[in-house]
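Examining the three-dimensional arrangement
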Amino acid sequence: MKHGNISVFVPHNGCPHQCSFCNQRSITGVSFQPTPQDVHDAVKTALSSKKAYDREIAFFGGSFTAIDRDYMVSLLEAASGYVKSGQVSGIRLSTRPDAVDDEVLGILKKYGVTSIELGAQSLCDEVLKANLRGHTARDVEEASRLIKERGFSLGLQMMTGLYKSTPERDVYTAERIIELHPDTVRIYPTVTMKGTMLASLYESGEYRPMELSESVDLCALLLKMFSRNNIEVIRLGLHYSDELVRDMLFDNYHPAFRELCENKLMLERFLQLRSGMGKLCGGYCTVYVHPSCVSKFTGQRRSNSNRLIQDYGIYVKTVADVTVAPFDMKIELAGGAPADYLGSKEEKK
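Let me sum up the structure you'll find in this document. (Residues numbered from 1 in each chain as written. Predicted model: local features only at pLDDT ≥ 70, side-chain atom pairs only at ≥ 80, totals over all residues. Heavy atoms only, no water.)

Considering the environment of Met329
- Checked against the element boundaries, Met329 lands in the loop between strand S9 (314-320) and strand S10 (330-334).
- What Met329 contacts, discounting residues up to four positions off in sequence, is Met266, Arg269, Phe270, Leu273, Val287, Tyr288, Val289, Phe297 and Val324. (Helix = DSSP H or I, 4+ residues; strand = E, 2+ residues; numbered from the N terminus. Contact = heavy atoms within 4.5 Å.)

In structure tokens, the structure reads:
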């Protein structure tokens, strides 16, 4: 059964800091504070769908456990009835690492919260300080320990390309996150938004955002690292909103960012296997991939297929095969030049 979030955004409410990158209205497209009735309305709308989903109510967008306690409890009370009735499987929320303690975890457990995501962003103290996060890497570690000890599912969120960070520091953060054994991870490449500290640093030349291609290279590596350690990456890249595209200063955002990273991983896997079969350049072959990975292997607008022709002289026919594991492949070499291998106009040229 597919999983789906019934998302309720609590934008910036409860956050005691203005982080360097934060312009939440532009990022989420939401600026109002939800009421308990908004929770009921969102759930009823979702439940009216006849599609079979494993649904969680998800409070995102702010620092949920740092908001006014009575307001927090009112939202939880509105949500908890749906957990008790079995209409939803649980409640998921995001919060700050320094807004987690035994008392608040007891409240969350009482109202049926099942998953807690921490906005870690980085596990390098210098990066956290430079971006005005207001917490330390130790806070992330301690909050993660408490969450797991109390039986909640732990999610950790990290950002790449922050001010004072480097690809090496982002890899270090991923390594530290792996050591904390979260159930899920979200990876958000930094987007420089108007009205933020990063915007001022960018305009002064002190901060250089990562180019899209650099970000894809880095995040594809992080995706591979988490996958190898059986940690599910449930989000890679920011959700699209008109406000985000309107207010970003540096064009390194892509609405299908995860697909770009997965395309890169599939191409790397092909080149690795193909080079082990003899000379890398030239020839025709059939590649068998899981049905869910056909478009991931061929690439957006057949970018991978076309690159293999242009850079390596390799012509590929892609075949869906349910016996192949996702993100893996089988390769069969061919001798001639069947028409099947010349699928697109670009290839035929």
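The rest of the description comes next.
Regarding the side chain of Asn131
- By secondary structure assignment, the location of Asn131 is in the loop between helix H5 (125-130) and helix H6 (137-149).
- A residue is classified by how much of its surface remains accessible, and Asn131, at 0% relative accessible area, is buried.
- Once residues lying within four places of it in the same chain are set aside, the contact partners of Asn131 are Cys19, Ser20, Leu162, Tyr163 and Leu198. (Buried < 20%, exposed > 50% of the residue type's maximum accessible area, 1.4 Å probe, protein only.)

Some thoughts on the nonpolar core
- The biggest cluster of nonpolar side chains holds 64 residues, and the ones touching the most others in it are Phe59 and Phe226.
- Excluding residues that lie within four positions of it along the chain, Phe59 makes contacts with Val8, Val10, Val39, Phe64, Leu75, Leu76, Ala79, Ile91, Arg92, Leu93 and Ser94. (Core = buried A, V, L, I, M, F, W, Y, C linked by side-chain atoms within 4.5 Å.)

Remarks on the packing of aromatic side chains
- As enumerated under the stated definition, the model contains five aromatic pairs in all.
- Ring centres 4.7 Å apart and planes at 20° place the aromatic pair Phe59 and Phe64 in the stacked group. Here the two residues Phe59 and Phe64 agree in accessibility, since each one is buried.
- Measuring from centroid to centroid gives 5.7 Å for Phe270 and Phe297, while their planes differ by 55°, and the two rings are tilted. Placement of the pair is Phe270 in helix H11 (residues 257-275) and Phe297 in helix H12 (residues 294-298), with a sequence separation of 27 residues. (Phe/Tyr/Trp six-rings, centres within 6.5 Å; stacked < 30°, edge-to-face > 60°.)

Some points on the packing of helix H9 (residues 212-228) against H11
- At a minimum axis distance of 9 Å, the contact between H9 and H11 shows a crossing angle of 70°. One way to sum up the angle between H9 and H11 is to call them roughly perpendicular. Along this stretch, H9 crosses H11, giving a crossing that reads as right-handed. On H11, the residues that touch Leu212, Ser215, Val216, Asp217, Cys219, Ala220, Leu223 and Lys224 of H9 are Phe257, Arg258, Leu260, Cys261, Glu262, Lys264, Leu265 and Glu268. (Axes fitted to C-alpha atoms, helices over the stretch in contact; angles between N-to-C directions. Parallel < 35°, antiparallel > 145°, perpendicular 65-115°, else oblique. Left-handed = near helix turned anticlockwise from the far one by under 90°.)

Remarks on the environment of Ser292
- When you line up the elements, Ser292 lands in the loop between strand S8 (283-289) and H12.
- Here the side chain of Ser292 touches His290 through a polar contact of 2.8 Å, side chain to side chain. (Polar contact = N/O pair within 3.5 Å; in protein donor to acceptor, adjacent residues only side chain to side chain.)

Section: unusual backbone geometry
- Its identity as a non-glycine residue notwithstanding, Gln121 has a phi of 70°, on the positive side.
- On the secondary structure map, Gln121 appears in strand S4 (residues 113-121).
- In the Ramachandran plot, His181 falls in the positive-phi region, its phi being about 55° despite a non-glycine side chain.
- Tracing the chain through its elements places His181 in the loop between helix H7 (167-180) and strand S6 (184-189).
- You can call His181 exposed: its relative accessible area is 54%.

Description of the sheet that holds S10
- Reading across from one edge, S9-S8-S10 is the order of the three strands in this open sheet, with mixed pairing throughout. What marks the edges here is a single partner per strand, and that holds for S9 and S10. Looking at each pair of strands side by side, their axes are set apart by 25° on average, direction ignored.
- Relative to S9, S8 runs parallel, the two sharing seven bridges. Opposite Thr286, over in S9, you have Lys317 as the bridge partner. (Pairing = 2+ DSSP bridges.)

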